[in-house]
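Residue strings, one per chain:
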Amino acid sequence: MTEIKLTVQAPTLVNRDFVKPTLCGPGPCDVWPSVNEALTKPVISPICDEHFYVLDDIRAGLKYVFQTNCDTVLALSGSGHGGMETVINNLVGPGETLLVAKRGFWCERALEMAKRYGINTITTTVPMNETFSLQQLENELRKHRPTALFIVHGDSSTGIVQNLKSVGELCQRYGTLLLVDTVVSLVGVPFFMDDWKIDAVYTSTQKAFSGPAGISPVAFSDRALNKINNRTHQPPFYFDVKLLSQQWNCYGSTRVYHHTLSSPLLWALRQCLQEVIKETLPRSWARHAATTKHFLKRVEQLSLKTFVPKPEDRLMTVTTVVLPKGYDYLQFSKYMREKYNILIFPGIGQTVGKTLRIGLMGVNSTIQVADAVADAVAGTLIALKKSSL
Ligand code: PMP
């Protein structure tokens, strides 16, 4: 063999074994054992029948978890941010107006994305640990008549769940489309796309679904589809729902190639959906509520305060906890990992230095895990009190 001179030599990639922590941050969370297995199923070509059968199964499961009978339901390649990009750029064109109900970190992301697409953005805000009232949203809709309203259902940066009942009706009255982030709420918290008249929704698989990140379910109402079919702007090719819905055979016999979807992720999503179907949505919602309420009780017994004052505003997947004065949130989270091998997160964006973010969702939404985390929080409070206060 003639000698080939490489300009870059092969690196040494060392094995990086580590003891997996219990993933109790705001995501990702641990995966179902059955999903781990599904990830090793064979790769399938994006143009063969087996592949399209899997897409059909996933679409049926997604209609159930979104509670929608709409046809434009699919999953796109990418994490939750991909879903955010997709709902925004398919429905709001350059020069059109997006009203963002701004609280927490994820709305900042939506604003940043919208600005990059040349969309006019306007915001309405509330304090970090409160929700939006219908009156406040209506005032803004009446004043601006925006093309769309973007709102987060479950906010993992603050631990808030936004009541969405009647928001869709309100939007329809003002000719506005309603775009909703359910990344950290779907499957863990009740959500009804059709009943709540939501026009576009996205979620991700690494939270209450208990799957791996990288494939994001999205759904669009018929009103949203009408906009997609009549819009004059072109969204990015990779995220164009007009094209993706052909690949996913949303309306009939259009099984075409758009891009190569990741087979392991398709199998994993299909399995996540099977787990939800087996448990049923109402039972999954009840389990998340029971676990988080139990955890909140344990937290209160430690004389800790929750960041969200009103019980009805508390998200049942991610809990935000305020530490007594003198504790450092980052140090607290690091100690929990080092001593107990439990991963929790400090705040993000506006909530930095204000709260811990603890996720009990998916496979980790059990009383046993809630107790393990509460015991570790209690131990960490004592340990860091001695050493740092
Ligand atoms: N929205 C919310 C509410 C989230 O919690 C997250 C991720 N933590 C995202 C969007 C972004 O999702 P991803 O990291 O999967 O891109």
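Residues numbered from 1 in each chain as written. Predicted model: local features only at pLDDT ≥ 70, side-chain atom pairs only at ≥ 80, totals over all residues. Heavy atoms only, no water.

Peer 1: Mind showing me how you'd approach the overall build of the chain here?
Peer 2: On a plain count of helices and strands, the chain comes out with 12 helices and 15 strands. Here the C-alpha atoms of the chain give a radius of gyration of 22 Å, agreeing with the 21 Å that 2.2 N^0.38 yields for 389 residues. In the chain, buried positions account for 55% of the 389 residues. In the form shown here, the chain has an accessible surface area of approximately 17,300 Å², with 54% of it arising from carbon and sulfur atoms. Measuring between centres, the 41 positive side-chain charges of the chain sit 6 Å from its 33 negative side-chain charges. (Helix = DSSP H or I, 4+ residues; strand = E, 2+ residues; numbered from the N terminus. Rg over C-alpha atoms; globule rule 2.2 N^0.38 Å. Buried < 20%, exposed > 50% of the residue type's maximum accessible area, 1.4 Å probe, protein only. Areas by Shrake-Rupley, 256 points an atom, 1.4 Å probe, with all protein chains shown as cover. Lys, Arg positive; Asp, Glu negative; His and termini not counted. Charge placed at Lys NZ, Arg CZ, Asp CG, Glu CD.)

Peer 1: Explain the layout of surface pockets to me, please; I cannot follow it from the model alone.
Peer 2: Gaps left between atoms are located by rolling a probe of water-molecule size over the structure's atoms. Roughly 390 Å³ of internal volume is contained in the largest pocket. Taken together, 21 residues make up the lining of the largest pocket; nearest its centre are Val161, Asn163, Val189, Pro190 and Glu312. The dominant element in the lining of the largest pocket, judged by the number of residues it contributes, is helix α10 (residues 281–301), at three residues. For the lining of the largest pocket, the class distribution of residues is 11 nonpolar, five polar and five charged. Taken as a whole, the second largest pocket spans an internal volume of roughly 250 Å³. Lining the second largest pocket are 19 residues, and of these His81, Trp106, Ser156, Val183 and Lys207 lie nearest its centre. The leading source of residues in the lining of the second largest pocket is helix α3 (residues 80–91), at three residues. (1 Å grid on protein atoms, 1.4 Å probe; cavity = no way out; pocket = protein on both sides within 12 Å on 5 of 7 lines; lining within 4 Å. Points joined across faces, edges and corners; volume = space filled by probe spheres on them. Nonpolar A, V, L, I, M, F, W, Y, C, P; charged D, E, K, R; others polar.)

Peer 1: Looking at this model, I keep getting lost on the UniProt feature "domain: Aminotransferase class V" (unreviewed entry) in the chain. Mind explaining?
Peer 2: Sites flagged by UniProt as "domain: Aminotransferase class V" (unreviewed entry) map to residues 55–360. Secondary structure content for residues 55–360 is 39% helix and 18% strand, and the end C-alpha separation is 29 Å. (UniProt positions renumbered as here; feature names shortened; annotations may be inferred.)

Peer 1: How do you make sense of the packing of aromatic side chains when you look at a structure like this?
Peer 2: Overall, the coordinates contain seven aromatic pairs when judged by the stated rule. When the centroid spacing of 4.9 Å and the interplanar angle of 85° are considered together, the rings of Phe105 and Trp106 count as edge-to-face. In this structure, Phe105 and Trp106 share a single accessibility class: buried. Linked through ring pairs, Phe191, Phe192, Trp196 and Trp285 together constitute an aromatic cluster. The residue whose ring lies beneath Lys41 is Trp267, and the NZ or CZ to ring-centre distance is 4.4 Å. (Phe/Tyr/Trp six-rings, centres within 6.5 Å; stacked < 30°, edge-to-face > 60°. Lys NZ or Arg CZ within 6 Å of the ring centre and 35° of its normal.)

Peer 1: Help me out: how do you make sense of the sheet that holds strand β3 (residues 97–102) in this one?
Peer 2: Whenever strands of a sheet pair, they do so through backbone hydrogen bonds, lying parallel or antiparallel. On the basis of which strands lie adjacent, the open sheet formed by seven strands has the order β2-β10-β9-β8-β5-β3-β4 and mixed pairing. Each edge of the open sheet carries a strand with a single partner, namely β2 (72–77) and β4 (120–125). The average undirected angle you get between the axes of adjacent strands in this sheet is 20°. As paired elements, strand β5 (residues 148–152) and strand β8 (residues 177–181) share five bridges and run parallel to each other. Counted as the bridge partner of Ala148 is Leu177 from β8. Together, β3, β4, β5 and β8 form the strand contacts of helix α4 (residues 105–116), whose direction differs from that of β3 by roughly 165°. Here helix α5 (residues 134–144) sits on the sheet in contact with β3, β4 and β5, set at roughly 155° to β4. (Pairing = 2+ DSSP bridges. Axes fitted to C-alpha atoms, helices over the stretch in contact; angles between N-to-C directions. Contact = heavy atoms within 4.5 Å.)

Peer 1: Help me understand the environment of Cys272, please; the structure alone is not making it clear to me.
Peer 2: Note on placement: Cys272 falls in helix α9 (residues 263–279). For Cys272, a relative accessible area of 0% puts it in the buried group. Separated by 62 residues in the primary sequence, Cys272 and Ser210 place their C-alpha atoms 6.8 Å from one another. When near neighbours in sequence (up to four residues on either side) are disregarded, Cys272 contacts Val35, Phe209, Ser210 and Gly211.

Peer 1: How do you make sense of the nonpolar core when you look at a structure like this?
Peer 2: Soluble globular proteins: nonpolar side chains tend toward being buried together. Residues Ile88, Leu98, Phe150, Leu179 and Phe191 are the most contacted members of the largest nonpolar core, which totals 94 residues. In terms of residue count, the dominant contributor to this core is α9 (eight residues). With sequence-adjacent residues up to four places away left out, Leu98 is seen in contact with Ile88, Val92, Ala114, Ile119, Asn120, Thr121, Ile122, Ala148, Leu149, Phe150 and Leu179. With 23 residues, the next largest nonpolar core counts Tyr327, Val373, Ala374 and Val377 among its residues. (Core = buried A, V, L, I, M, F, W, Y, C linked by side-chain atoms within 4.5 Å.)

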